[in-house]
Structures are given as structure tokens and as C-alpha cells.
Amino acid sequence: LILHENNLYLTYGGSLLIYNLISGKIQGFSEFGTGKKPAKNATAIHIDEQNRLWVGVSNGISLFEPASGSFQHFPFEENQSLPLGTYFMVLSILEHQNKLWVGTFNSGLWVMSLSDLSEPKIINITDKNGLPSNTIYSTLPDSKGNLWMSTNQGIAKFEINKNLFTNFGFGDGLPQEEFNRLAFT
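Reading the values: the criteria
Residues numbered from 1 in each chain as written. Predicted model: local features only at pLDDT ≥ 70, side-chain atom pairs only at ≥ 80, totals over all residues. Heavy atoms only, no water. Helix = DSSP H or I, 4+ residues; strand = E, 2+ residues; numbered from the N terminus. Buried < 20%, exposed > 50% of the residue type's maximum accessible area, 1.4 Å probe, protein only. Contact = heavy atoms within 4.5 Å. Areas by Shrake-Rupley, 256 points an atom, 1.4 Å probe, with all protein chains shown as cover. Lys, Arg positive; Asp, Glu negative; His and termini not counted. Charge placed at Lys NZ, Arg CZ, Asp CG, Glu CD. Pairing = 2+ DSSP bridges. Axes fitted to C-alpha atoms, helices over the stretch in contact; angles between N-to-C directions.

Draft legend 1. Up close: the overall build of the protein. Tallying secondary structure elements over the protein gives 0 helices and 16 strands in all. The dimensions of the protein, computed from C-alpha atoms along their principal axes, are 55 × 35 × 30 Å. For the protein, the residues scored as buried account for 46% of the 185 residues in total. Pairs at least 24 residues apart make up 38% of the contacts formed inside the protein by residues separated by at least 6 positions. As displayed, the protein has an accessible area near 10200 Å², and 50% of this comes from carbon and sulfur atoms. The positive charge centre, built from 12 side chains, and the negative charge centre, built from 16, are 2 Å apart in the protein.

Draft legend 2. Local environment of the sheet that holds strand β8 (residues 70-75). On the basis of which strands lie adjacent, the open sheet formed by 4 strands has the order β5-β6-β7-β8 and antiparallel pairing. Each of the sheet's edge strands pairs with one partner strand only, and the pair in question is β5 (44-47) and β8. Each adjacent strand pair in this sheet contributes to an overall mean axis angle of 25 degrees, direction not counted. With 4 bridges joining them, strand β6 (residues 53-57) and strand β7 (residues 60-65) adopt antiparallel strand pairing.

Draft legend 3. Broad picture of the environment of N129. Considering the arrangement of structural elements, one finds N129 in the loop between β12 (122-125) and β13 (136-141). The class for N129 is partly exposed, based on a relative accessible area of 45%. In this structure, the C-alpha to C-alpha distance between N129 and H4, residues 125 residues apart in sequence, is 35 Å. Apart from the residues within four sequence positions on either side, N129 is in contact with N124 and F165.

Draft legend 4. Seen up close, the pairing of strand β4 (residues 26-29). Note: strand β3 (residues 15-20) against β4, 4 bridges, orientation antiparallel. Looking across to β4, one finds that I18 is bridged to Q27. Counted between consecutive antiparallel strands, the loop separating β3 from β4 contains 5 residues, among which G24 sits at a positive phi close to 80 degrees.

Draft legend 5. Representation of unusual backbone geometry in the model. Residues other than glycine seldom take positive phi values, yet E5 does so here, at roughly 50 degrees. Take E5: it is sitting in the loop between β1 (2-4) and β2 (7-12). Positive phi, close to 60 degrees, is recorded for N41, a residue that is not glycine. By the element assignment, N41 lies in the loop between β4 and β5.

Draft legend 6. Region of the structure containing the side chain of H96. With respect to the secondary-structure elements, H96 resides in strand β9 (residues 89-96). Ignoring any residue separated from it by four or fewer positions in sequence, one finds H96 in contact with W101, P141, G145, L147 and I160.

The structure is reproduced here in C-alpha cells:
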């Protein structure tokens, strides 16, 4: 749920609803772009620093184009190492240092550069790169430019400039290691 300017944005049952508080008009969307696989099942939303709406969907993220009421879809590569049918879901989206940091269920952290949306650079960071888990519930920046993530196996601190993870769990004083979605709010 996001309140931005005169609009209330929310996801409900995999759809996106936009309610204009002035006019009372409601727009509803259940598809978020075209491609090889349909972009459906909205699970996360984010308004970036340029006031653009991003939607986390079943196979990546989509950018809302308000003038046309359509979406530009940015698919994420399927992780071939996961078993066929493994569930993919975007859990969180954060803009930091001109990049979108997208936390997912089962597929780690996706990072998309916002510098060139015609050919964006998209990379995937997983437990093979130092994350304690491939389920990233939320991501928050600190005052030093680091990112903190809640995961299925504790908290991770990512020092972007050093490309270094420091992970925290029971042994570091956490009362539990698994964090629920949106536990940071």
C-alpha cells in the first residue's frame, strides 16, 4: 500500500489497484507487460525517486506508463539450478544508488541499473555470492551506503563498495533467524 500525491496504490489478489483520491476513479490491472511469459501476479510495489511506479510480478518487474495505462516489463532470467516449478515471487523493491534492489522468494536479490532502461543491466546475487538465504524479505539502506536485508536465515549487511556480505544469526544475538515479509516496517 502506497499513498503518493493524489493516488493510493495497492496490490490485491495479484492485481494492482490505483485509486485517485480526488476523482474517486479506480484503475485495475492484472497483467503487467508482454513477452515470452505473461507478467502477472503483482506482489510488491515501489515509487522511485522520479515518481515512477514499479510493480514486482511473477517473472521480474514492470514499470507503469501512466499516459498509456500500460507496462514495460523487465524479465528476470529463470534460475536453472532451481527445481522446475519452484515458486518465484518479488517480496520487496528498493531504489538505492540509481539501482533497483529486488528481494525475492527463492531467487535471491536482483539488481537492476536505472541508467539505461532501453537495455538495463540486471544481475542476480544469491547465497553463492554470500547471502545467508535466497529469500530476501526486505532491504534497507544505512547512512554509510550499505544495505541491510532480512532473510530466511538471519540479517545480511551488504557493503556495496566492497562487494562484501556480513551475516548475522543466532550466534550474534538474533532471537530468531527467519524474518517475515515486511518485518522492517
